[in-house]
Amino acid sequence: NSNYLMQPYNSDLDFGTNDFSFMVWINPNNNAETGIILHRSAKNISDGAWGGSGAIIQAEFNGTNLYGHVATDAFNTVYGPSVPYAEFANNTWTHYALVRRSGVLYAYVNGEEYSSAANTLTTTNTSAKLYIGQRPVSTRPFNGRLSLFRASATAPSPEQIKKIYEDEKFLFQE
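Residues numbered from 1 in each chain as written. Predicted model: local features only at pLDDT ≥ 70, side-chain atom pairs only at ≥ 80, totals over all residues. Heavy atoms only, no water.

Caption draft 1: Region of interest: the overall build of the chain. A tally of helices and strands in the chain yields 1 helix and 12 strands. Going from N to C terminus, the chain has its helices and strands arranged as β-β-β-β-β-β-β-β-β-β-β-β-α. Rg of the C-alpha trace for the chain: 15 Å, near the compact-globule value of 16 Å for 174 residues, within the 12% margin. Principal-axis analysis of the C-alpha atoms gives the chain an extent of 40 × 35 × 25 Å. Relative to its 174 residues, the chain shows a buried fraction of 46%. (Helix = DSSP H or I, 4+ residues; strand = E, 2+ residues; numbered from the N terminus. Rg over C-alpha atoms; globule rule 2.2 N^0.38 Å. Buried < 20%, exposed > 50% of the residue type's maximum accessible area, 1.4 Å probe, protein only.)

Caption draft 2: Geometry of the pattern of salt bridges. Applying the stated criterion across every chain, the model contains 7 salt bridges. A salt bridge links Asp-14 to Arg-40, with the nearest nitrogen and oxygen atoms 2.9 Å apart. With Asp-14 in the loop between strand S1 (5–7) and strand S2 (20–28) and Arg-40 in strand S3 (residues 34–41), this residue pair connects regions lying 26 residues apart in the sequence. Like Arg-40, Asp-14 is buried. Here Lys-163 makes a salt bridge to Asp-167, at a shortest N to O gap of 2.8 Å. (Salt bridge = Lys/Arg side-chain N within 4 Å of Asp/Glu carboxyl O.)

Caption draft 3: Here's a closer look at the sheet that holds strand S12 (residues 144–152). Taken in spatial order, the 5 strands make up an open sheet running S10-S9-S8-S2-S12, and their pairing is antiparallel. On the outer flanks of this sheet lie strand S10 (112–118) and S12, each paired with one strand and no other. Looking at each pair of strands side by side, their axes are set apart by 15° on average, direction ignored. Alignment of S2 against S12, held across 7 bridges, turns out to be antiparallel. (Pairing = 2+ DSSP bridges. Axes fitted to C-alpha atoms, helices over the stretch in contact; angles between N-to-C directions.)

Caption draft 4: Geometry of the nonpolar core. In this structure, Ile-26, Ile-37, Phe-61, Leu-66, Phe-88 and Tyr-96 are the most contacted members of the largest nonpolar core, which totals 24 residues. A total of 4 residues in this core trace back to one element, the largest contributor, which is S2. Beyond its immediate chain neighbours, meaning those up to four positions away, Ile-26 contacts Ile-37, Phe-61, Leu-66, Phe-88, Thr-92, Trp-93, Thr-94, Tyr-96, Phe-142, Arg-145 and Leu-146. Counting residues in each nonpolar core, the second largest holds 6 residues, with Met-23, Ala-97, Val-99 and Ile-161 among its members. (Core = buried A, V, L, I, M, F, W, Y, C linked by side-chain atoms within 4.5 Å. Contact = heavy atoms within 4.5 Å.)

Caption draft 5: Geometry of the packing of aromatic side chains. Applying the stated criterion to the full structure yields 12 aromatic pairs. Ring centres of Tyr-106 and Tyr-108 lie 6.3 Å apart, and the angle between their planes is 40°; on these two criteria the pair is classed as tilted. Ring pairing ties together the aromatic residues Phe-15, Phe-20, Phe-22 and Phe-149, which thus form one cluster. (Phe/Tyr/Trp six-rings, centres within 6.5 Å; stacked < 30°, edge-to-face > 60°.)

Right, here's the structure in full:
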């Protein structure tokens, strides 16, 4: 699948153990399929073997839920919040935010906190590439549409996330 974006290493995405956020609007064709929303690690599409390398950030539909997490090399240690895939209706735009604030990763759906998990793992990986809609080894492409993806070295407040959702939802009406 060649329908993805890849950004080469960017030191601005090395958040270390500090706060950060990723936000995106998601419109799945089949929310029960596996598919990557975002993935950041040192692996390349051409590497052939899967496992991730160094610090990993990932948000993935895994057949059961949308799991957003920070992990260590080859997913040996993984912590993050999950949202059941049913929260992302097929052919419907849904706002998703993965936010780390003060050592806790939060998942927000349509401006509301859905779940959280403690996570103080580093995101620093000086060889990492950011993939949107795919992961290395070209498996698990996202089947749907993504819009207004953004990353930040800050953690917006719950009120700010709600306001972002409320302000942007009008962009996705018929």
